[in-house]
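Take a look at the letters that make up each chain.
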Amino acid sequence: MSITYNSPAAEKTWQDHVLLNQFYPPLTLDNPRRSPMRELISTVLSHRTTHADEELAYDRMLEAFGDWARVLAAPTAALAHAIRTTRWPDTQAPRIQEILRRIQAERGEFALDFLADWPTEKGMAWLNDMPGIGLKTASLVLLFNFQKPVLPVDTHVHRIAQRVGMIGPKASADKAHQVLLEQLPKDPLVLLNFHKHNYWHGQKICFFAKPDCARCPLKGFCNYYLEHYGPATPEALAATPAHWDTAWGTLPH
Ligand code: SF4
């Protein structure tokens with residue numbers, strides 16, 4: 001794909017995509033990881049919660065109540081107890097019930113399939129209007145389930161974009177969402193891979209506390225690397241692994 005860069009930051013964003021697409025296994029769009037309703041509610045549950053605890057909360061919720069109608073009708077305290085492995089169950093339980101109440105009231109069923117036919121902006125606005133649903137969650141549902149050209153920016157994507165210099169060092173996550181989307185092609189496959197590869201990179205190499213820059217293929221143009229180690233030397237670049245090594249562990253979900 002040929003690209004015209006509007007700025008040095010946009011060039012870094014594209015280079016990040018190209019290099020991480022070689023470093024990590026590329027993904028395809030044909031197999032959403034979970035249903036739209038599950039993606040939406042699971043992302044609410046995932047806020048500042050590990051993936052294992054989020055899955056446990058989701059499974060316990062459906063084991064306890066059976067289906068979305070019963071989750072909606074349940075005493076809120078009982079729902080909070082079922083999802084107690086999440087960070088803030090007392091906040092999330094009423095939120096989930098309000099989201100379910102709105103979906104049922106507006107659509108007559110607990111399903112989001114109609115979003116496939118809606119324009120992207122309309123779908124984003126509709127999801128964003130739900131309690132506790134921000135740009136990240138709305139983007140995850142629209143990209144993963146409906147292949148819409150949007151970009152979820154989680155804490156890992158945000159941190160790497162700041163360190164590399166794709167966005168300003170103090171740009172907020174919402175600002176990152178807007179800037180990165182302007183810099184990247186409106187291609188759902190590119191956006192999916194950009195999101196997932198930077199998410200993996202943040203979990204496995206560009207750690208919050210101590211990034212493992214020796215293994216990182218982005219060091220040649222990363223502001224953080226330049227500030228801490230100076231310009232990447234030919235030796236350092238040559239010593240950088242070409243691909244993720246499965247001996248280092250499995251990649252996140
Ligand atoms: S070079 Fe270091 S700081 Fe920069 S993206 Fe890679 S791991 Fe993160």
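Residues numbered from 1 in each chain as written. Predicted model: local features only at pLDDT ≥ 70, side-chain atom pairs only at ≥ 80, totals over all residues.

**Description of the overall build of the protein chain**
Right, on to step 1. A tally of helices and strands in the protein chain yields 13 helices and zero strands.
Right, on to step 2. Listing every helix and strand of the protein chain by position from the N terminus yields α-α-α-α-α-α-α-α-α-α-α-α-α.
Right, on to step 3. Computed over C-alpha atoms, the radius of gyration of the protein chain comes to 20 Å, within 12% of the 18 Å expected from 2.2 N^0.38 for 253 residues, which places it in the range of a compact globule.
Right, on to step 4. Along the three orthogonal principal directions, the C-alpha set of the protein chain runs to about 60 × 35 × 35 Å.
Right, on to step 5. By the burial criterion, 37% of the 253 residues in the protein chain qualify as buried.
Right, on to step 6. Within the protein chain, contacts between residues at least 6 apart in sequence are counted, and of these 63% link residues at least 24 apart. (Helix = DSSP H or I, 4+ residues; strand = E, 2+ residues; numbered from the N terminus. Rg over C-alpha atoms; globule rule 2.2 N^0.38 Å. Buried ≥ 20, exposed ≤ 12 C-beta atoms within 10 Å, placed from the backbone. Contact = placed C-beta atoms within 7 Å.)

**So, the site of the ligand**
Right, on to step 1. Around the ligand, 14 residues are found, and the nearest of them are Cys206, Pro211, Cys213, Cys216 and Cys222.
Right, on to step 2. Among the elements of the structure, α9 (155-164) and α12 (223-229) are those that each provide at least two residues to the shell around the ligand.
Right, on to step 3. It is α9 that provides the largest number of residues to the shell around the ligand, a total of three residues. (Near = placed C-beta within 6 Å.)

**Regarding the domain arrangement of the protein chain**
Right, on to step 1. Considered domain by domain, the protein chain is made up of domain 1 (8-28 + 152-248) and domain 2 (36-146).
Right, on to step 2. A C-alpha centroid distance of 29 Å is found between domain 1 and domain 2.
Right, on to step 3. Contact with domain 1, which involves eight residues of that partner, is made by five residues of domain 2.
Right, on to step 4. Residue assignment for the side of domain 1 that touches domain 2 shows that the elements contributing at least two residues are α10 (173-183) and α11 (188-204).
Right, on to step 5. For the side of domain 1 that touches domain 2, the leading source of residues is α11, giving three residues.
Right, on to step 6. Among the residues making up the side of domain 1 that touches domain 2, the classes are represented as five nonpolar, one polar and two charged. (Domains from an automatic or database assignment. Nonpolar A, V, L, I, M, F, W, Y, C, P; charged D, E, K, R; others polar.)

**Concerning the nonpolar core**
Right, on to step 1. The biggest cluster of nonpolar side chains holds 61 residues, and the ones touching the most others in it are Leu79, Ile96, Val141, Leu142, Ala161 and Leu180.
Right, on to step 2. The element best represented in this core is helix α8 (residues 135-146), accounting for eight residues.
Right, on to step 3. Counting the residues that make up this core, at least three belong to each of domain 1 (8-28 + 152-248) and domain 2 (36-146). (Core = buried A, V, L, I, M, F, W, Y, C linked by C-beta atoms within 7 Å.)

**Things to note about the environment of Phe65**
Right, on to step 1. For Phe65, the position within the fold is in helix α3 (residues 51-65).
Right, on to step 2. Overall, Phe65 belongs to the partly exposed group, with 17 C-beta atoms counted inside 10 Å.
Right, on to step 3. The contacts of Phe65, once residues within four sequence positions are left out, are Arg70, Val71 and Ala74.

**Brief notes about helix α2 (residues 36-45)**
Right, on to step 1. Turning to α2, its buried residues number three or more, namely Leu40, Ile41, Thr43, Val44 and Leu45.
Right, on to step 2. The secondary structure elements touched by the buried residues of α2 are α3, α6 (89-107) and α8.

**A look at α3**
Right, on to step 1. The end-to-end C-alpha distance of α3 is 21 Å, a good match for the 21 Å that 15 residues give at a rise of 1.5 Å each.
Right, on to step 2. Taken together, the buried positions of α3 are Glu54, Ala57, Tyr58 and Met61. Across the axial projection of α3, the buried residues extend over an arc of 95°, all falling on one side. Of the exposed residues in α3, those oriented more than 90 degrees away from the buried face are Ala52, Asp59 and Glu63.
Right, on to step 3. Buried residues in α3 make contact with α2, α4 (68-73) and α5 (76-82).
Right, on to step 4. One or two steps after α3, the chain reaches Gly66, where phi turns positive at roughly 90°. (Expected span 1.5 Å × (residues − 1). Arc of directions from axis to C-beta.)

**Description of the packing of helix α7 (residues 120-128) against α8**
Right, on to step 1. Their axes nearest at 9 Å, the elements α7 and α8 cross at an angle of 130°. Comparing the axis directions of α7 and α8 gives the class oblique. For the pair α7 and α8, the sense of crossing is right-handed. Here Thr120, Gly123, Met124, Leu127 and Asn128 of α7 lie close against α8, whose contacting residues are Leu135, Ala138, Val141 and Leu142. (Axes fitted to C-alpha atoms, helices over the stretch in contact; angles between N-to-C directions. Parallel < 35°, antiparallel > 145°, perpendicular 65-115°, else oblique. Left-handed = near helix turned anticlockwise from the far one by under 90°.)

**A closer look at unusual backbone geometry**
Most peptide bonds take the trans configuration, and most residues that are not glycine carry a negative phi.
Right, on to step 1. Of note in the backbone geometry, Arg48 takes a positive phi value of approximately 55° without being a glycine.
Right, on to step 2. Within the fold, Arg48 resides in the loop between α2 and α3.
Right, on to step 3. Exposure remark for Arg48: the 8 C-beta atoms within 10 Å place this residue in the exposed category.
Right, on to step 4. Phi is positive for Gln147, which is not a glycine, with a value near 55°.
Right, on to step 5. Along the polypeptide, Gln147 turns up in the loop between α8 and α9.

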